[in-house]
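Coordinate analysis (summary)
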Amino acid sequence: MGALEEIKSVTQAAGLANLEAFSNTLQALAESDKDIIVVTSDSRGSGKLVPFGTRFPEQLVEIGIAEQNLVGVAAGIASTGKKVFAVSPACFLTARSFEQIKNDVAYSDNAVNLIGISAGVSYGALGSTHHSLHDFAALRAVNNLIIVAPADNFETEQAIKHAAALDKPVYLRFGKKNMPHLPSVGEQAFEFGKGRVIREGEDLVIIATGEAVYPAFEAAERLQAEHRFGVAVVSMHTVKPLDYELISTMAKRGVPIITVEEHSVYGGLGEACASFLMENGFSNRFKIMGIPDEYTVTGSQNDIFNHYGISGEGITLTALTLLK
């Protein structure tokens, strides 16, 4: 077995969808904390919350398909001191309810955990109406809101525990497919605003977020095995606030940097990193990988990732262009 095949066999073992890990973690917390309340917009099935509703029926509020009401009700419950998780498809939660997120949650400082499910292009075959490629861009402009996109089950579990314990508004974004477990370099405690180094290397840095982290890791392994390039990979699970210290440390190596995200190339992780690097005088070669400004193709998440090069192979080709 080659190096690339070996690492694939390890990371692809036993990974749930992050939404499943979210549901399991929330149920574990609710067993000993009756203040945890889930509010959904007809999303208990797609949000993997049927088991939660069965076990804790008095801690689940069903609003129906009314996302603006969902956020308003969640904010009202949170104002009483409850730990609220408002669950709805990311495409609708962050667009239809933007005013309520801005005013009722962030401006009013109500500690609502906004859970955007089936984010990015998880609803790929349903087309652009159900794609969420705007959420980072829109919500980054809102003060007093933490934005998190976990890459695997470990980050998901930790993010939900941190969100439940934090008396601040948080937006957490989840896709639908099973996610492989990713390694970590050394002992790294999970913390909002601190990136997670999952691979070291001295020739190139890839900074990715959410479900785009695994193809970035796969590309790094491919570049090492097939081209002898050492590639560092960062899971930047917190898009806001960004880990500027870690970005600066990586940039000081003077090597090319690629950002990868399941989001428009406008207003997301890539532009946030580029802004910081330029403002602070860094001149690394730099490339943003994401969804371009066009009518998005329709297909499965994998189809769309492959079309736009957000795959192990596609990221490898982009990296080789920068490295050469």
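Up top you'll find the structure we're talking about.
Our subject in this report is the structure included herewith.

With that out of the way, let us pick up the packing of aromatic side chains. Taken as a whole and judged by the stated rule, the model has six aromatic pairs. Geometrically, the ring pair formed by phenylalanine 22 and phenylalanine 174 is stacked, given 5.6 Å between the ring centres and 25° between the ring planes. Here phenylalanine 22, found in helix 2 (residues 18–30), pairs with phenylalanine 174, found in the loop between strand 6 (170–173) and strand 7 (196–199); they are 152 residues apart in sequence, far enough to count as distant. Overall, phenylalanine 22 belongs to the buried group, its relative accessible area being 0%. A network of ring pairs unites the aromatic residues Phe22, Phe85 and Phe174 as a single cluster. If you follow arginine 96 out to its NZ or CZ, it ends over the ring of phenylalanine 92, 4.2 Å from the centre. A cation sits over an aromatic face here: arginine 173 above phenylalanine 136, 4.4 Å from the ring centre.

Our next topic: the nonpolar core. Ile206, Ile258 and Val260 are the most contacted members of the largest nonpolar core, which has 31 residues in total. Secondary structure elements with two or more residues in this core: strand 8 (204–208), helix 9 (213–227), strand 9 (231–235), strand 11 (257–264), strand 12 (286–291), helix 12 (301–307) and helix 13 (312–323). Of the residues forming this core, the biggest block, seven residues, is contributed by helix 9. For isoleucine 206, the contacting residues outside a window of four places in its chain are Ala216, Val231, Ala232, Val233, Val234, Ile258, Val260 and Ile315. Core analysis: the second largest hydrophobic core is formed by 25 residues, Phe52, Leu60, Ile115 and Phe174 among them.

A few words now on the sheet that holds strand 12. Read from one edge of the open sheet, five strands run 7-9-8-11-12, paired in mixed fashion. With partners counted over all chains shown, the strands left at the sheet margins are strand 7 and strand 12, one partner each. Strand-to-strand twist across the sheet, computed as the mean angle between neighbouring axes with direction ignored, equals 25°. By the bridge criterion, five bridges tie strand 11 to strand 12 in an arrangement that is parallel. Bridge assignment links serine 264 to a residue of strand 12, and that residue is isoleucine 291.

What counts and what doesn't
For every chain, the first residue of the written sequence is number 1, and numbering continues from 1 onward in sequence order. In keeping with the model being predicted, local features are shown solely for residues with a pLDDT of at least 70 and side-chain atom pairs are shown and tallied solely at 80 or more, while totals for entire chains, interfaces and linings include all residues. Just so you know, side-chain values use all the structure's heavy atoms and leave hydrogens and water out. Between the rings of Phe, Tyr and Trp (Trp by its six-membered ring), a pair exists once the centres lie within 6.5 Å; its type follows the angle of the planes, with under 30 degrees stacked, over 60 edge-to-face, and the other angles tilted. Secondary structure elements follow DSSP: runs of H or I no shorter than four residues count as helices, runs of E no shorter than two count as strands, and numbering proceeds from the N terminus. Buried, partly exposed and exposed residues are distinguished by accessible area as a fraction of the type maximum, computed with a 1.4 Å probe on protein chains only: under 20%, between the cut-offs, and over 50%, respectively. For a ring to carry a charge above it, either NZ of a lysine or CZ of an arginine must fall within 6 Å of the ring centroid while also lying within 35 degrees of the normal to the ring plane. We define the nonpolar core as a collection of buried residues of types Ala, Val, Leu, Ile, Met, Phe, Trp, Tyr and Cys that are connected through side-chain atoms lying within 4.5 Å of one another. Only heavy atoms matter for contacts: two residues are in contact if any of them lie within 4.5 Å across the pair. In this scheme, strands are said to pair when DSSP sees at least two bridges between them. Only the stretch in contact is used when a helix axis is fitted, and all axes are lines through C-alpha atoms; the angle between N-to-C directions ranges over 0 to 180 degrees.

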